[in-house]
Amino acid sequence: MADEALFLLLHNEMVSGVYKSAEHGEVENGRCITKLENMGFRVGQGLIERFTKDTARFKDELDIMKFICKDFWTTVFKKQIDNLRTNHQGIYVLQDNKFRLLTQMSAGKQYLEHASKYLAFTCGLIRGGLSNLGIKSIVTAEVSSMPACKFQVMIQKL
């Protein structure tokens, strides 16, 4: 329980630190979001390396996504993804109905415009993990009502 609180506090301080140190122009053109996503990318690469060192090779892309939704998500956020959907053409939607990094904010739409900065790190986390498993992707997040959110993963075919 203490490690979860520390992770939440660290994440909040990381987001506020990036935004406080940024100049006005950087906030407007999305450089802060990019910085947070790049941090998450590097952390995701490292975590996947540690989590998969003793697991068998994955059969396919769907197998990798199931691993991300179950094992990876459980280790990082202490719960599985609530829903995984795919169109079997390289697009996956991961839905978390009670996303830990948003539960501290609000359950309504009051802080909806600030949600993107709290999701950028996680988008990078997913992208970095997939990258280390050999999948190049674009990850975006969408929030319609907090604390629920959807992460859309578009696989880039080589």
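Note that the structure is a prediction, hence the values are computed from the model and not measured.

**Q** What is the right way to look at the pattern of salt bridges in this model?
**A** Oppositely charged side chains can form a pair if their charged atoms are brought close together. Counting across every chain of the model gives four salt bridges. Between Glu37 and Arg127 there is a salt bridge whose closest N-O contact spans 3.1 Å. Pair noted here: Glu37 is in helix H3 (residues 31-51) and Arg127 is in helix H6 (residues 115-132), with a separation of 90 residues, a long-range link. Lys79 is the salt-bridge partner of Asp96, the closest N and O atoms lying 2.6 Å from each other. In this pair, Asp96 is assigned in strand E2 (residues 91-96) and Lys79 in the loop between helix H4 (61-77) and strand E1 (83-86), connecting sequence segments 17 residues apart. Lys79 carries the same exposure label as Asp96, and that label is buried. Shared partners join several salt bridges into a network, and the residues in it are Lys79, Asp82 and Asp96.

**Q** Would you mind showing me how to read the packing of aromatic side chains here?
**A** For any pair of aromatic rings, geometry is given as the distance between the ring centres together with the angle between the planes. Throughout the structure, instances matching the rule amount to seven aromatic pairs. Through pairs of rings, three or more aromatic residues link up here, namely Trp73, Phe77, Phe99 and Phe151. If you follow Lys117 out to its NZ or CZ, it ends over the ring of Tyr19, 4.6 Å from the centre.

**Q** Would you mind showing me how to read the packing of H3 against H6 here?
**A** Helix-helix packing is characterised by the crossing angle of the two axes and by the distance between the axes. Direction vectors running N to C along H3 and H6 enclose 40°, while the axes themselves pass 6 Å from each other. When the interaxial angle is binned, H3 and H6 end up oblique. Crossing geometry of H3 relative to H6 is assigned as right-handed. Class assignment for the residues of the contact of H3 with H6 results in eleven nonpolar, ten polar and four charged.

Cut-offs and rules
- Residues numbered from 1 in each chain as written.
- Predicted model: local features only at pLDDT ≥ 70, side-chain atom pairs only at ≥ 80, totals over all residues.
- Heavy atoms only, no water.
- Salt bridge = Lys/Arg side-chain N within 4 Å of Asp/Glu carboxyl O.
- Helix = DSSP H or I, 4+ residues; strand = E, 2+ residues; numbered from the N terminus.
- Buried < 20%, exposed > 50% of the residue type's maximum accessible area, 1.4 Å probe, protein only.
- Phe/Tyr/Trp six-rings, centres within 6.5 Å; stacked < 30°, edge-to-face > 60°.
- Lys NZ or Arg CZ within 6 Å of the ring centre and 35° of its normal.
- Axes fitted to C-alpha atoms, helices over the stretch in contact; angles between N-to-C directions.
- Parallel < 35°, antiparallel > 145°, perpendicular 65-115°, else oblique.
- Left-handed = near helix turned anticlockwise from the far one by under 90°.
- Nonpolar A, V, L, I, M, F, W, Y, C, P; charged D, E, K, R; others polar.

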